[in-house]
Amino acid sequence: MSDTGDNEFTSSSPGDADSVPQQCSTLKKNGFVVIKGRPCRITDIATSKTGKHGHAKIHLFGLDIFNGKRYDDVCPSTHNLQVPYVTRREHEVIDLTDDGFFSLMSDDGEMRDDLKLTDACSPSSASAARELLSASDNSGGRVIATVWKAMGEEIVKELKFIKITA
């Protein structure tokens, strides 16, 4: 029997993955883990001792890095859990539109207008963000937005004012 169908294979590099496996017992508080399909920051870890019928169990508690929702999971300490790649990039805030979208400029001058002000951002109110922008205009400083990206999602996590000195 010969296979006459066209097989198409694609290759990928390790950098293409959204997450990597890591042994549950090596996870640390304030680290990242995927719980129920969501990227979370670990807020607490509880370990139970090895029992008569099995492995030590790890109880993980985490907050979703995009919406702040609380998740928890229990797994044997020897099993692997997925750890998301979380990247942080800084962009200069040019403007905040009336419908809550940021105009951001990267270090290489590339503009983007697709990220919205959310409750996960600090500050989370549009009025506080606009005050920061007007303060930067009046004093000659800049407002920098920290953008977090994980598992195909992006969010503005923090706005900060940077004073430019001459």
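What you see is a predicted model, and the numbers here were worked out from it, not measured in a lab. (Residues numbered from 1 in each chain as written. Predicted model: local features only at pLDDT ≥ 70, side-chain atom pairs only at ≥ 80, totals over all residues. Heavy atoms only, no water.)

To continue, consider the overall build of the protein chain. Of regular secondary structure, the protein chain possesses one helix and eleven strands. What you see in the protein chain, going N to C, is helices and strands ordered as β-β-β-β-β-β-β-β-β-α-β-β. In the protein chain, which comprises 166 residues, the share counted as buried stands at 33%. Nonlocal contacts in the protein chain, meaning residues at least 24 apart in sequence, comprise 50% of its contacts between residues at least 6 apart. Total accessible area on the protein chain is roughly 10600 Å²; 48% of this is exposed by carbon and sulfur atoms. (Helix = DSSP H or I, 4+ residues; strand = E, 2+ residues; numbered from the N terminus. Buried < 20%, exposed > 50% of the residue type's maximum accessible area, 1.4 Å probe, protein only. Contact = heavy atoms within 4.5 Å. Areas by Shrake-Rupley, 256 points an atom, 1.4 Å probe, with all protein chains shown as cover.)

With that settled, consider the sheet that holds strand E3 (residues 38-47). Taking strand neighbours across the sheet as the criterion, the four strands line up as E2-E3-E4-E5 in an open arrangement whose pairing is antiparallel. What marks the edges here is a single partner per strand, and that holds for strand E2 (32-35) and strand E5 (70-76). Geometrically, the sheet is characterised by an average inter-axis angle of 45° between neighbouring strands, direction not taken into account. Strand direction decides the pairing type here: E3 and strand E4 (residues 57-64), joined by seven bridges, are antiparallel. Looking at the pairing, aspartate 44 lines up with phenylalanine 61 of E4. (Pairing = 2+ DSSP bridges. Axes fitted to C-alpha atoms, helices over the stretch in contact; angles between N-to-C directions.)

To continue, consider the sheet that holds strand E10 (residues 142-150). Within the open sheet, the five strands sit side by side as E9-E8-E7-E10-E11. Their pairing is antiparallel. Edge positions in the open sheet fall to strand E9 (111-112) and strand E11 (153-162), since each of these has one partner strand only. Direction of pairing for strand E7 (residues 87-96) relative to E10: antiparallel, over a ladder of six bridges. Within E10, the position partnered with threonine 87 by the bridge is lysine 149. Sheet contacts for helix H1 (residues 126-139): E7, E10 and E11; angle to E11, the most-contacted strand, approximately 45°.

This next bit is on the nonpolar core. Judged by nonpolar contacts, the single largest core of 14 residues is most densely connected at Val93, Phe102, Leu104, Val156 and Leu159. Listing elements by their share of this core, those giving two or more residues are E7, strand E8 (102-105), H1, E10 and E11. Counting residues per element, this core draws most heavily on E10, at three residues. In this structure, Leu27, Val33, Ile35 and Ile58 belong to the second largest nonpolar core, which totals twelve residues. (Core = buried A, V, L, I, M, F, W, Y, C linked by side-chain atoms within 4.5 Å.)

This next bit is on the layout of surface pockets. Taken as a whole, the largest pocket encloses approximately 190 Å³ of empty space. Along its surface, the largest pocket is lined by Thr87, Arg89, His91, Ser106, Asp108, Glu110, Met111, Arg112, Val147, Trp148, Lys149 and Glu154. Of all the secondary structure elements, the ones that give two or more residues to the lining of the largest pocket are E7, E9 and E10. Looking at side-chain class alone, the lining of the largest pocket contains three nonpolar, three polar and six charged residues. (1 Å grid on protein atoms, 1.4 Å probe; cavity = no way out; pocket = protein on both sides within 12 Å on 5 of 7 lines; lining within 4 Å. Points joined across faces, edges and corners; volume = space filled by probe spheres on them. Nonpolar A, V, L, I, M, F, W, Y, C, P; charged D, E, K, R; others polar.)

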